[in-house]
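# Architecture at a glance
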Amino acid sequence: MLDQGIEVRLRASFGIATFPHHAEDLNSLIAAADHALFAIKEAGKDAVGQFTKG
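Only a predicted model underlies this, so the values are computations on that prediction, with no experimental measurement involved.

Secondary structure assignment for the protein yields one helix and two strands. Listing every helix and strand of the protein by position from the N terminus yields β-α-β. Relative to its length of 54 residues, the protein is extended, with a C-alpha radius of gyration of 16 Å against a globular reference of 10 Å. Sorting the 54 residues of the protein into buried and exposed places 20% on the buried side. Intrachain contacts of the protein at a sequence separation of at least 6 include 52% that bridge at least 24 residues. A total accessible area of about 4,800 Å² is found for the protein, and carbon and sulfur atoms account for 57% of it.

Below you can see the structure in the form of structure tokens.
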């Protein structure tokens, strides 16, 4: 029942930030990961990006 002739394509982008290297609290950590994610999406998507200060 799983193969019904439907093609599925998954694409994903991820932003990564680490504690305490990129942030000192939870809100800042999430903001840093978001920043990395949006940078990846702006560059073309389908990748993993690490937060960089700058």
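Still to come is the rest of the account.
With that settled, consider the side chain of His22. Structurally, the position occupied by His22 is in the loop between β1 (14–16) and α1 (26–43). At a separation of 3.3 Å, a polar atom in the side chain of His22 contacts the main-chain carbonyl oxygen of Phe51. Not counting residues within four places of it along the chain, the set of residues in contact with His22 comprises Ala17, Ala32, Gln50, Phe51 and Lys53.

The next subject is α1. If you check α1, its first and last C-alpha atoms are 26 Å apart, about what 18 residues at 1.5 Å a residue would give, namely 26 Å. Restricting attention to buried positions, one finds in α1 the residues Leu29, Ala32, Ala36, Leu37 and Ile40. An end-on view of α1 places all buried positions within 135° of arc, on one side of the element. Facing away from the buried side of α1 by more than 90 degrees, the exposed set consists of Asn27, Phe38 and Glu42. Where α1 is buried, its residues contact β1 and β2 (48–50). Looking at where α1 begins, the residue whose side-chain oxygen comes 3.2 Å from the main-chain nitrogen of Asn27 is Asp25. Gly44 sits one or two positions beyond α1 and adopts a positive phi of about 135°.

Time to look at the nonpolar core. Formed by Ala17, Ala23, Leu29, Ala32, Ala36 and Phe51, the largest nonpolar core amounts to six residues. Residues in contact with Ala32, not counting those within four places in the same chain, are Ala17, His22 and Phe51.

Basis of the calculations
Residues numbered from 1 in each chain as written. Predicted model: local features only at pLDDT ≥ 70, side-chain atom pairs only at ≥ 80, totals over all residues. Heavy atoms only, no water. Helix = DSSP H or I, 4+ residues; strand = E, 2+ residues; numbered from the N terminus. Rg over C-alpha atoms; globule rule 2.2 N^0.38 Å. Buried < 20%, exposed > 50% of the residue type's maximum accessible area, 1.4 Å probe, protein only. Contact = heavy atoms within 4.5 Å. Areas by Shrake-Rupley, 256 points an atom, 1.4 Å probe, with all protein chains shown as cover. Polar contact = N/O pair within 3.5 Å; in protein donor to acceptor, adjacent residues only side chain to side chain. Expected span 1.5 Å × (residues − 1). Arc of directions from axis to C-beta. Core = buried A, V, L, I, M, F, W, Y, C linked by side-chain atoms within 4.5 Å.

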